[in-house]
Amino acid sequence: MTRLTIHPAPPFVKKATIEQFYSRLRDANPAPTTELHYATPFQLLIAVILSAQATDVGVNKATARLYPVAPTPSAMLALGEEGLMEYIKTIGLYRTKARNVIATCRMLLELHDGEVPEDRAALEALPGVGRKTANVVLNTAFGQPTIAVDTHIFRLGNRTGLAPGKTVEEVEKKLVRVTPDEFKKDAHHWLILHGRYVCKARKPDCGRCVVLDLCGYRSKSV
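Described in the following lines is the structure provided in the data block.

How each quantity is defined
Residues numbered from 1 in each chain as written. Predicted model: local features only at pLDDT ≥ 70, side-chain atom pairs only at ≥ 80, totals over all residues. Heavy atoms only, no water. Helix = DSSP H or I, 4+ residues; strand = E, 2+ residues; numbered from the N terminus. Contact = heavy atoms within 4.5 Å. Phe/Tyr/Trp six-rings, centres within 6.5 Å; stacked < 30°, edge-to-face > 60°. Buried < 20%, exposed > 50% of the residue type's maximum accessible area, 1.4 Å probe, protein only. Lys NZ or Arg CZ within 6 Å of the ring centre and 35° of its normal.

### Quick notes on unusual backbone geometry
- Its identity as a non-glycine residue notwithstanding, Leu93 has a phi of 60 degrees, on the positive side.
- With respect to the helices and strands, Leu93 occurs in the loop between helix H4 (73–88) and helix H5 (94–112).
- One non-glycine residue, Asp113, lies in positive phi territory at about 55 degrees.
- Here Asp113 is to be found in the loop between H5 and helix H6 (120–124).

Structure, rendered in structure tokens:
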């Protein structure tokens, strides 16, 4: 289980400041997207399942070999667990992930005509798909204004004061509530990329932060 560290609570980012916060992230990156490589909603779903406790770079290396051979649920199901493991064995927890992916492919074919559902409940019913994965797929593949909270966004929400919370779901609910509608579609990508490359866990790179003066983090380093 991934350990989520809650930093000492900073002051809440003021409502009037939140629009500036997102505006600056948008100005710095007008068209954000996932760093996972995919061509279809199905391939995105599989990549996100594989990315649990793994890096996007590692997943992309595996799927670069996998997707040309098995680009669809039926083709991936035909590989079977053992066949799939040969492609993803460089990824952590690959045995469990292979089992979940094969079961997911079977359910997609049996229940959804091989298509990825655009419904949260249907997505979360798939093996290996939790709330975060469902949010990523709904947002990235289907343009729904969901905000998936991973360790980076959980840290950023608490550290900056944008959406403090003790649990992932609490941070998600606060982000959905405080994020202006015009920013919701891309909020997940802006926040995760900012958390991954600037507001890093051990040593945030405050000198490169475009929202430094809007952030409530007490231990800023510049």
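### Thoughts on the environment of Leu50
- Take Leu50: it is sitting in helix H2 (residues 41–50).
- Ignoring any residue separated from it by four or fewer positions in sequence, one finds Leu50 in contact with Val59, Thr63, Ile88, Ile91, Lys97 and Val101.

### Re the packing of aromatic side chains
- With the rule as written, the count across this model stands at three aromatic pairs.
- With centroids separated by 6.0 Å and ring planes inclined at 70 degrees, the aromatic side chains of Phe21 and Tyr22 adopt a geometry described as edge-to-face. Both residues of the pair, Phe21 and Tyr22, count as buried.
- When the centroid spacing of 6.2 Å and the interplanar angle of 65 degrees are considered together, the rings of Phe183 and Trp190 count as edge-to-face.
- One aromatic cluster is present, formed by Phe21, Tyr22, Phe183 and Trp190 through successive ring pairs.
- Cation over ring: Arg159 sits above Tyr217, and NZ or CZ is 4.9 Å from the ring centre.

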